[in-house]
Amino acid sequence: MGDTPEGSPSAAHGAQVTDIHEQRGFFGRLADLFSENGPADEAGDDMGGASAERNQRGDVVSRGMANLRQMRVEDVAIPRVEICAVPVDTDLESLVDVFRESGNTRLPVFDGTLDNPLGLVHLKDVALRYGFNGHGNEDFDLREMLRPLIYAPPSMPIGVLLQKMQTDRRHMALVIDEYGGVDGLLTIEDLIEQVIGEIEDEHDVEEEAFWTVEKPGCYLALARAPLDEFEAAIGMRLVEEEDEEEIDTLGGLVVMETGRVPARGEVIPHASGAQFEIVDADPRRIKRLRVRLPNAAIPMPRTAAAE
């Protein structure tokens with residue numbers, strides 16, 4: 001076939017299609033993956049090929065466009081207990097404190113309990129309306145600054161949610177369970193990270209270590225520290241083999257031992273001779289604990305060989 005003249009309608013149409021494709025950008029191409037006639041997973045290794053990297057724990061994490069189809073909202077969302085939110089009747093000073101301590105720019109707002117969300121408040125809206133020093137606290141009304149949230153079921157593919165976030169121009173979603181309660185939270189950044197890996201900015205800090213050694217045989221640990229890794233570090237078992245599948249974290253081990261969430265300051269003895277001191281906790285979960293090993297399990301310090 002002959003070449004199409006540059007000024008012909010076909011050429012103009014082709015140029016228009018190219019312009020539209022370029023304008024749609026990255027998110028538009030993501031949307032194609034979830035249309036009925038979208039490209040197959042194997043088409044285009046540069047877009048669909050998965051990559052792997054290691055997180056700070058050393059676990060291999062798969063990244064790539066395939067995650068948009070394969071992963072669900074429940075796989076990515078942070079759990080309910082880790083959601084930082086504020087009640088709608090909070091005052092300006094308290095709101096600014098939460099923004100400062102959490103480092104977040106968006107906070108969910110609820111009425112009464114988190115299961116009754118009203119929307120989100122953006123730090124930029126607060127700063128532009130009341131100033132960066134929080135002037136005008138006397139006429140502060142959080143309801144006037146609420147922005148809408150997206151509500152998503154746990155089983156929704158993350159690619160579908162990403163497309164909806166782009167369409168609705170909203171960057172935060174709450175995960176709603178079958179009973180209408182809030183089960184988790186995720187942002188548009190959480191979804192994109194499943195494709196391209198971790199996104200860090202100048203405000204991100206390195207994740208805190210799961211535990212630190214205070215002195216030989218004494219460890220200060222986060223309750224979410226992986227139990228198997230901690231056992232490997234101290235060289236002793238803390239859970240029976242038949243219970244390994246049921247317990248994943250140090251905090252989970254302590255809750256299983258006591259049958260409840262212990263209070264701050266409690267010391268929980270373990271059958272191995274170890275002791276768990278609850279350093280920080282609230283009525284719903286343990287946050288931090290101190291583990292003291294029995295004397296026989298404390299690694300002996302190395303000494304220089306006698307001459």
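Use the structure listed above.
Quantities reported herein were computed from a predicted structural model and do not represent experimental measurements.

Asker: Please set out a negative patch on the surface residue by residue, giving values where relevant.
Answerer: On the surface, a cluster of negative charge is made up of D89, D91, E93 and D111. Topologically, E93 is positioned in helix α5 (residues 92-102). The class of E93 is exposed, set by a relative accessible area of 57%.

Asker: Report on the pattern of salt bridges, specifying residues and quantitative values.
Answerer: Throughout the structure, instances matching the rule amount to 10 salt bridges. Linking R80 and D115 is a salt bridge whose minimum nitrogen-to-oxygen distance equals 2.6 Å. One end of the pair, R80, is in the loop between β3 (78-79) and β4 (86-87); the other, D115, is in strand β6 (residues 113-122), and 35 residues separate them in sequence. Looking at R80, the relative accessible area reads 27%, which means it is partly exposed. On the basis of relative accessibility, which here comes to 37%, the residue D115 falls in the partly exposed class. With a closest N to O distance of 2.6 Å, R147 and D125 form a salt bridge. With R147 in the loop between α6 (123-130) and β7 (150-152) and D125 in helix α6, this pair connects stretches of sequence that are 22 residues apart.

Asker: I'd like to hear about the sheet that holds strand β13 (residues 275-281), residue by residue, with values.
Answerer: The five strands lie next to each other as β10-β11-β14-β13-β12, forming an open sheet whose pairing is antiparallel. Because the sheet does not close on itself, it has two edges, and the strands there are β10 (211-215) and β12 (267-269). Going across the sheet, the axis of each strand differs from the next one's by a mean of 25 degrees, ignoring polarity. Most of the contacts of helix α9 (residues 227-234) go to β10, to which it runs at about 30 degrees, and overall it touches β10, β11 (218-222) and β14 (286-292). Strand contacts of helix α10 (residues 250-258): β11, β12, β13 and β14, with the helix running at about 85 degrees to β14, the strand carrying the most contacts.

Rules used in this analysis
- Residues numbered from 1 in each chain as written.
- Predicted model: local features only at pLDDT ≥ 70, side-chain atom pairs only at ≥ 80, totals over all residues.
- Heavy atoms only, no water.
- Patch = residues over 30% accessible without salt bridge, like charges linked within 9 Å, V, L, I, M, F, W, Y side chains within 5 Å.
- Areas by Shrake-Rupley, 256 points an atom, 1.4 Å probe, with all protein chains shown as cover.
- Salt bridge = Lys/Arg side-chain N within 4 Å of Asp/Glu carboxyl O.
- Lys, Arg positive; Asp, Glu negative; His and termini not counted.
- Charge placed at Lys NZ, Arg CZ, Asp CG, Glu CD.
- Helix = DSSP H or I, 4+ residues; strand = E, 2+ residues; numbered from the N terminus.
- Buried < 20%, exposed > 50% of the residue type's maximum accessible area, 1.4 Å probe, protein only.
- Pairing = 2+ DSSP bridges.
- Axes fitted to C-alpha atoms, helices over the stretch in contact; angles between N-to-C directions.
- Contact = heavy atoms within 4.5 Å.

By themselves, these observations are geometric and do not establish any function.
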